[in-house]
Amino acid sequence: MKPKLSLVKTCYALKELLVSVYKIEKGMIMATGYKEDPKNKTVELTIDGRVTKDEFNQISNQMDAFIATHGTIKVLEVIDDFDGFDPSILIEGLKFDIKHIKNISHCAVVAEDDGLLSSVVKAVKIFNDAAGGVIPCEIKLFDKDNLDDARDWLKAQNKPKGP
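These notes cover the structure that comes with them. (Residues numbered from 1 in each chain as written. Predicted model: local features only at pLDDT ≥ 70, side-chain atom pairs only at ≥ 80, totals over all residues. Heavy atoms only, no water.)

**A word on a nonpolar patch on the surface**
And then number 1: A contiguous nonpolar patch, built from Phe 82, Phe 85, Leu 90, Ile 91, Leu 94 and Ile 98 and spanning about 600 Å² of accessible area, is present on the exposed surface.
And then number 2: Residue position: Phe 85 is located in strand β3 (residues 73-85). (Patch = residues over 30% accessible without salt bridge, like charges linked within 9 Å, V, L, I, M, F, W, Y side chains within 5 Å. Areas by Shrake-Rupley, 256 points an atom, 1.4 Å probe, with all protein chains shown as cover. Salt bridge = Lys/Arg side-chain N within 4 Å of Asp/Glu carboxyl O. Helix = DSSP H or I, 4+ residues; strand = E, 2+ residues; numbered from the N terminus.)

**Description of the nonpolar core**
And then number 1: Judged by nonpolar contacts, the single largest core of 22 residues is most densely connected at Tyr 34, Val 43, Leu 45, Met 63, Ile 73 and Val 75.
And then number 2: Of all elements in the fold, only β2 (42-51), α2 (53-70), β3 and β4 (104-111) reach the threshold of two or more residues within this core.
And then number 3: In terms of residue count, α2 provides more of this core than any other element does, 5 residues in total.
And then number 4: Beyond its immediate stretch of four places on either side in the chain, Leu 45 contacts Gly 33, Tyr 34, Ile 59, Met 63, Val 75, Leu 76, Glu 77 and Val 78. (Core = buried A, V, L, I, M, F, W, Y, C linked by side-chain atoms within 4.5 Å. Buried < 20%, exposed > 50% of the residue type's maximum accessible area, 1.4 Å probe, protein only. Contact = heavy atoms within 4.5 Å.)

**Focus on the sheet that holds strand β1 (residues 32-37)**
And then number 1: Taken together, 5 strands build an open sheet; the order of strands is β1-β2-β3-β4-β5 and the sheet is mixed. In the strand order of this sheet, the two ends are held by β1 and β5 (138-142), each with one partner. With direction set aside, neighbouring strand axes in the sheet form an average angle of 15°.
And then number 2: Where β4 lies against β5, 5 bridges are found, and the strand directions are parallel. Residue pairing for β5: Ala 108 is matched across the bridge by Lys 140. (Pairing = 2+ DSSP bridges. Axes fitted to C-alpha atoms, helices over the stretch in contact; angles between N-to-C directions.)

Scope: geometric values only; no functional claims are made or implied.
If you want it as structure tokens, here you go:
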């Protein structure tokens with residue numbers, strides 16, 4: 001009897017795996033999360049996988065509306081796992097960044113730092129200083145274990161100005 005029970009468990013686990021793969025392929029499981037904190041004028045983004053064009057469009061529309069309502073905001077980006085993005089969103093992403101570059105005062109990035117991420121953040125800061133502060137957003141990198149510290153850092157910043 002025990003082998004049959006083990007076979008049943010194995011079949012059930014396989015079925016769950018196949019359902020998950022199907023949902024991912026059909027776009028039913030999102031690689032991104034979006035949460036607003038109007039009191040602190042903060043948007044929290046979570047990335048866990050590959051970002052699709054539909055996800056980008058949904059998030060950018062939500063952020064457009066949040067910025068229109070709250071003016072300058074802060075962003076918390078939690079990167080659990082990043083498998084890239086749909087190349088078709090590259091131009092739209094750049095347009096969004098250019099449109100809202102002055103609307104984001106602070107950005108906390110929470111991720112496992114493999115050295116590359118901190119190098120990118122440092123390069124952005126160096127470029128920004130050399131270009132005379134064209135990017136008004138202060139960016140700070142936090143380790144995955146310090147999500148609460150990142151939230152606290154954003155809350156402690158000066159209240160962003162209204163619309």
